[in-house]
Amino acid sequence: MLGERSGRHRAALALSTGLYNPGMTTSILYETEDRVATITLNRPECLNAIDDDLPRALREAVQRAEADDDVHVIVLEGAGKGFCGGYDLARYAEREGEIPGSQAMPWDPTLDYAMMARNSDDFMALWRATKPTICKLHGAAVAGGSDIALCCDLVIAAEDARIGYPPARVWGIPTTMMWVYRLGAERAKRMLFTGDLVTGAEAAEMGLILQAVPAELLDATVQALADRIKGVPRSQLMLAKLAVNQAYESMGLRNTQLMANIFDGIARHSPEGVWFRERAQTLGFKQAVAERDSGDPIAAEASKRRDDLELGEGGETRHE
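Remember, predicted model here, so these are calculated numbers, not experimental data.

> For this particular structure, what's the right way to read the sheet that holds strand β8 (residues 197-199)?
Strands belonging to one sheet form pairs held by backbone hydrogen bonds; the direction of such a pair is parallel or antiparallel. Within the open sheet, the three strands sit side by side as β5-β7-β8. Their pairing is mixed. This sheet does not close on itself; its edge strands, each paired only once, are β5 (140-142) and β8. In this sheet, adjacent strand axes meet at a mean angle of 20° when their direction is disregarded. Inspection of the sheet shows strand β7 (residues 162-164) paired to β8 by three bridges, in the antiparallel sense. Bridge pairing in β8 places Gly-164 opposite Leu-197.

Structure follows, in structure tokens:
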């Protein structure tokens, strides 16, 4: 597995490409071998959580592979124990004051949209690339991590991997909204109404991903698929990918993502969303997540906040 490979060697390969200059992020590693570019999410100490730099660095790595005529296939993977644990919310949600994605009230939705749409557009570089993209998924692809994985053309997961969007329960909406385009309306609703995680085996069974294999076979399975694809001329791969992608673009993919990015901001600034962040600040992010995912009614306490917006402490109506 990837975690067994030399981190020092991979870092040297990344720096030698010229993609990363001194002082810039190494949250993404990049290497090429025999027509295959491998892009690695490289924050293993925090399950490759998405920070301020990772989306841009991911886009730049994809663009580098696009510009290399020797590359026919792009493989995306995660370093360490898992693919990607989503946005670094333990860092963001517990912090006092304004943070990216959580403004003081009244909030400016245009600023929030600009930030999240930029990240979504960076992730969608995997979808827009004219070369096939394969996601190798081990461990977990959670929340924003699932957004990244599902932007790839093909996803192969370990059977015991986990994928889902838990913030759909409170404090988020998947901004790339690839769930509906992969699953259809009913199954997408099932996943987003619950925020449940499913295993790689379950994801393959429901049609969310291409294939699930035993963890010990994941590397070999992805390599075999990349080897099969890489012999096809780049022009042929490009034509096939664009022909399929345009069908989804015609269905309204861009408009769906526009709305999803707006709704994601609303979800983080709703009374329930503000309540969730306050719980994270008071009790810690892990406890807030445990409460969110427990199955107990999330809105029980948050609904009081709606009343407080209209009534004072003594029960009298507030006035501006």
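From this point, the narrative continues.
> Honestly, the side chain of Ser-27 in this entry has me stumped. Any pointers?
Tracing the chain through its elements places Ser-27 in the loop between α1 (7-16) and β1 (28-33). Judged by relative accessible area, Ser-27 falls into the buried class, the value being 4%. Setting aside residues no more than four positions away along its own chain, Ser-27 makes contact with Thr-40, Leu-41, Asn-42, Arg-43, Asp-53, Leu-54 and Ala-57.

> Help me understand the packing of aromatic side chains in this model?
Between two aromatic rings, the relevant description is the distance of the centres plus the angle of the planes. This model, assessed by the stated rule, comprises four aromatic pairs. On the numbers, 5.6 Å between centres and 45° between planes, the contact of Trp-171 with Phe-276 is tilted. Pair noted here: Trp-171 is in the loop between β7 and α7 (178-183) and Phe-276 is in helix α13 (residues 271-283), with a separation of 105 residues, a long-range link. Overall, the relative accessible area of 6% leaves Trp-171 in the buried class. With relative accessibility at 1%, the residue Phe-276 sits in the buried group.

> I would appreciate a short explanation of the packing of helix α2 (residues 54-67) against helix α4 (residues 109-123) in the present structure.
Packed helices, taken two at a time, are described by the angle their axes make and the gap between the axes. One can describe the packing of α2 onto α4 by two numbers: an axis separation of 8 Å at closest approach and a directional angle of 30°. In this view, α2 runs roughly parallel relative to α4, as classed from their interaxial angle. When the axes of α2 and α4 are compared, the crossing they make is left-handed. On α4, the residues touching Pro-55, Arg-56, Leu-58 and Arg-59 of α2 are Asn-119, Asp-121, Asp-122 and Phe-123.

> Help me understand the pattern of salt bridges, please; the structure alone is not making it clear to me.
Proximity of charged atoms lets side chains of opposite charge pair with each other. Tallied over the full model, the rule gives 19 salt bridges. Asp-69 is paired through a salt bridge with Arg-234; the nearest N and O atoms lie 3.9 Å apart. Residue Asp-69 is located in the loop between α2 and β3 (73-78), and its partner Arg-234 is located in helix α11 (residues 234-250); the two are separated by 165 residues in the primary sequence. Given the relative accessible area of 35%, Arg-234 is considered partly exposed. Arg-254 is the partner of Glu-249 in a salt bridge, and the nearest nitrogen-oxygen pair spans 3.9 Å. Arg-254 sits in the exposed class, given a relative accessible area of 58%. The network of salt bridges with shared partners includes Arg-59, Asp-121, Asp-122 and Arg-128.

> Looking at this structure, how should I read a nonpolar patch on the surface?
The grouping of Leu-258, Met-259, Ile-262, Phe-263 and Ile-266 at the surface amounts to a nonpolar patch, some 400 Å² of accessible area in total. The topology assignment puts Phe-263 in helix α12 (residues 253-269). Assessed through its relative accessible area of 41%, Phe-263 is described here as partly exposed.

> Explain unusual backbone geometry to me, please; I cannot follow it from the model alone.
Glycine aside, negative phi is the norm for most residues, and most peptide bonds take the trans geometry. Even without being glycine, Arg-35 reaches a positive phi, approximately 75°. Note that Arg-35 resides in the loop between β1 and β2 (36-41). For Asn-48, which is not glycine, the phi dihedral falls at a positive 55°. On the secondary structure map, Asn-48 appears in the loop between β2 and α2. Taking the relative accessible area as the measure of exposure, Asn-48 reaches 0% and is therefore buried.

> Where do I start with the packing of α13 against helix α14 (residues 285-292) in this structure?
Running from amino to carboxyl end, α13 crosses α14 at an angle of 135°, the nearest separation of the two axes being 6 Å. If you check the angle between α13 and α14, you find them oblique. Together, Trp-275, Phe-276, Arg-279, Ala-280 and Leu-283 of α13 and Phe-285, Gln-287, Ala-288, Val-289, Glu-291 and Arg-292 of α14 make up the contact between the two elements. The class makeup of the residues in the contact of α13 with α14 is seven nonpolar, one polar and three charged.

The rules behind these values
Residues numbered from 1 in each chain as written. Predicted model: local features only at pLDDT ≥ 70, side-chain atom pairs only at ≥ 80, totals over all residues. Heavy atoms only, no water. Pairing = 2+ DSSP bridges. Helix = DSSP H or I, 4+ residues; strand = E, 2+ residues; numbered from the N terminus. Axes fitted to C-alpha atoms, helices over the stretch in contact; angles between N-to-C directions. Buried < 20%, exposed > 50% of the residue type's maximum accessible area, 1.4 Å probe, protein only. Contact = heavy atoms within 4.5 Å. Phe/Tyr/Trp six-rings, centres within 6.5 Å; stacked < 30°, edge-to-face > 60°. Parallel < 35°, antiparallel > 145°, perpendicular 65-115°, else oblique. Left-handed = near helix turned anticlockwise from the far one by under 90°. Salt bridge = Lys/Arg side-chain N within 4 Å of Asp/Glu carboxyl O. Patch = residues over 30% accessible without salt bridge, like charges linked within 9 Å, V, L, I, M, F, W, Y side chains within 5 Å. Areas by Shrake-Rupley, 256 points an atom, 1.4 Å probe, with all protein chains shown as cover. Nonpolar A, V, L, I, M, F, W, Y, C, P; charged D, E, K, R; others polar.

What is shown is where atoms sit, not what they do.
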